[in-house]
Amino acid sequence: MPRPCSPHAVSLCFQTKPLAAVVKEVCDVWNLGNAEHYALQYVDGQQTYITESNRAEIKNGSILRLTTSPDQEAERLLSGIQSHNLDVKADSLKKLANLSRDITFAQEFINRNGLKQMPLQYALCMHCIIGEILAHTLKAFMELMEHDFVSWETLSPAFIKKIVRYALTFSVHPCLALSERNIRQFIHKVRMQRPMGDEMAHYLYVLQSITLNLLERRMRTPMDPYSQEQRELLQFLRHSAFELESEPSAGTVSAERRRSVCVTEFRKLGFQNYSNPAQDLHRTPPGLLALDNMVYFSRHCPSAYSRFVLENSSRDDKHECPFARSSIQLTLALCEILHVGEPCSETAQAFYLMFFGQDHFFQELFCICIQLQNKTWKEMRATQEDFDKVLQVVREQITRTLSLKPTSLELFKTRVNALNYSEILRLRQTERMHQEETLAAPVLELRERLKPELLQLIRQQRLLRLCEGTLFRKISSRRRQDKLWYCRLSPNHKVLHYGDVEQGVQSPPIESLPEKIPVADIKELLVGRECPHMKEKGSGKHNKDVLDLAFSISYDVEEYYLNFIAPTRYEFCLWMDGLNVLLGREMTSERTQSELDILLSMELKLRLLDLENISIPDAPPPVPNPPSNLNFCYDFSPHEQ
């Protein structure tokens, strides 16, 4: 039985005596033997045990009590949770769930192999556990695991499978088992660390589907314009956006004036029926679910909500992104993407791991996506006429990102924001080109036949560019770039001419460049850190931009070097390709592949123009059999009249 302890007496004892001596003195006051079986514990808060390591944290006025020591309590609860009496088992598990937050008790319990003796796995397997015991057991298990005395790697996939199967099989609602603290995070954490079989994936898909389908009732319920609660939520949105503390009093502003202000503000919020915004929420789906999302966003992301509304209300009417209309349509899109309200498939395995890492997954996903809608709207420079087009792009951004299976909402947010409008256009173009070019084997064959001709065209362009030459800067040991020099290839492609030039000279004649290197004497082409001028003293100071632009050529038998730092990445690619061509090597720069793809695409389209809307067979048509005779030549001899 816990005994109270005088705060003043404990404070004085703690200043001079070891903790064990203090406990013994308190036990002596209450005539209790075996003082080593007792300990001090906070009465308030998490009721932490007092140890030598945390005794200094006791504050004046703290109330402590004398209670059973952690080791004795662990022994007692171990016995209780293995009892055949369900009442004793439930009481023991309830206390275990509370005490497991204390690290001292948790260590004692785990040291006694307590995790393996917990009834969870056995009870789930035998299908004989009641909801209360399951809740306490899962909570205790999570608290014990949070101390990191035992690795999550020790858990088997079958363990999670049994929890999910229980939630889906029993009359207890599946979300009841998941409503306990950190149970979803527990599934999320284990699934991130272990491979998953098809059966497990299906179980988690079903659990996700059933949980999301809890939103169906709100999704299919239209707003009631006579509901006081729902009207108050609309007013809350208006007040939150424009930071109104109270309505203007009737004595200062007329009823007509107040109504006019409300209409104006609901219009700025983006309602289409701003004189009666409830009409916008009458359509189902998404019904009241859209209102729930808007209210959640305004309460949990107030700064982002106010910024969205105020930023768009200050724009021209044609260019503002309507918050309410966007929210309603986005909610509908998310319901369709996540299949809210649809029956579960018997074979599907598509679930999102990030679903199990959030308490309010759908609402948090909406908060990310509504801000994405505003971002995409600005990137597209959209007007009201472009609303459906923007929504289509946002939907594509969401589905493409979900297909990557992000493991958390933070990762989803990062990836979906990186997938901007320009990137969507690029992906669409790439996919369209890919589709057009891979329709039939003959097109692929034609593409391969065109490659040599187009690569030769690129080689010629590179050599012409080297003949025009480039202005380079010299970088001294002090990193000064005040000297200029020019390098160009001779028209016959046999000699490199170079030399210093004055500031302002753009294209000096080849005769003014005194230095020469015969192409035949070039031995090697070096790039980046391999270059001598990148290895010299102080080269560690060269940043990555300079390294990416540096190249050198070694020449002559004594291995002299001519060192370059290209003015741009484009010039670097041109010179690298041109020098490789002179050395009889393949062109390897990224510009070569990019330009080859463009030329191939253009050439294929030009050659296939006459075949537009004509299906190209996968195989060539069969060659007909030769004729029975060849007596069909035209006789050009003169005929008699």
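Provided above is the structure to which this section pertains.
About the cut-offs
Residues numbered from 1 in each chain as written. Predicted model: local features only at pLDDT ≥ 70, side-chain atom pairs only at ≥ 80, totals over all residues. Heavy atoms only, no water. Helix = DSSP H or I, 4+ residues; strand = E, 2+ residues; numbered from the N terminus. Buried < 20%, exposed > 50% of the residue type's maximum accessible area, 1.4 Å probe, protein only. Contact = heavy atoms within 4.5 Å. Areas by Shrake-Rupley, 256 points an atom, 1.4 Å probe, with all protein chains shown as cover. Expected span 1.5 Å × (residues − 1). Phe/Tyr/Trp six-rings, centres within 6.5 Å; stacked < 30°, edge-to-face > 60°. Lys NZ or Arg CZ within 6 Å of the ring centre and 35° of its normal.

Across its full length, the chain carries 27 helices and 10 strands. Residues classed as buried in the chain amount to 43% of the 641 residues present. Considering only residue pairs separated by 6 or more positions, the chain has 65% of its internal contacts joining residues 24 or more positions apart. By element, 51% of the accessible surface of the chain is carried by carbon and sulfur atoms, the whole surface being about 36000 Å².

Bringing helix α14 (residues 228-242) into the picture now. Helix length check: α14, at 15 residues, gives a terminal C-alpha distance of 21 Å against a target of 21 Å (1.5 Å per residue), a fit within 8%. Among all positions of α14, only Q230, L233, L234, L237, R238, H239, S240, A241 and F242 are buried. For α14, the elements touching its buried residues are α15 (255-268), α16 (288-300) and α17 (302-313). E243 occupies a position one or two residues after α14 and carries a positive phi of about 55 degrees.

Right, let's talk about the packing of aromatic side chains for a bit. Describing an aromatic ring pair means giving the distance of the ring centres and the angle of the ring planes. A complete count under the given rule lists 19 aromatic pairs for this structure. With 5.5 Å between their ring centres and 75 degrees between their planes, F355 and F361 make a pair best called edge-to-face. We classify F355 as buried; its relative accessible area is 4%. When the ring of F472 is compared with that of W575, the centres are 5.6 Å apart and the planes differ by 70 degrees; the resulting orientation is edge-to-face. Taken together, the positions of F472 in strand β4 (residues 470-474) and W575 in helix α26 (residues 569-582) put the pair 103 residues apart, joining distant regions of the chain. By the burial criterion, F472 is buried, and W575 matches it. Members of the aromatic cluster, joined through ring pairs, are F472, W485, Y498, F551, F564, F572 and W575. When the ring centre of F266 is taken as origin, the NZ or CZ atom of R238, which lies over that ring, is 6.0 Å away. Above the plane of the ring of F236 lies R299, whose end atom (NZ or CZ) is 4.7 Å from the centre.

Purely geometric numbers; function is a separate question.
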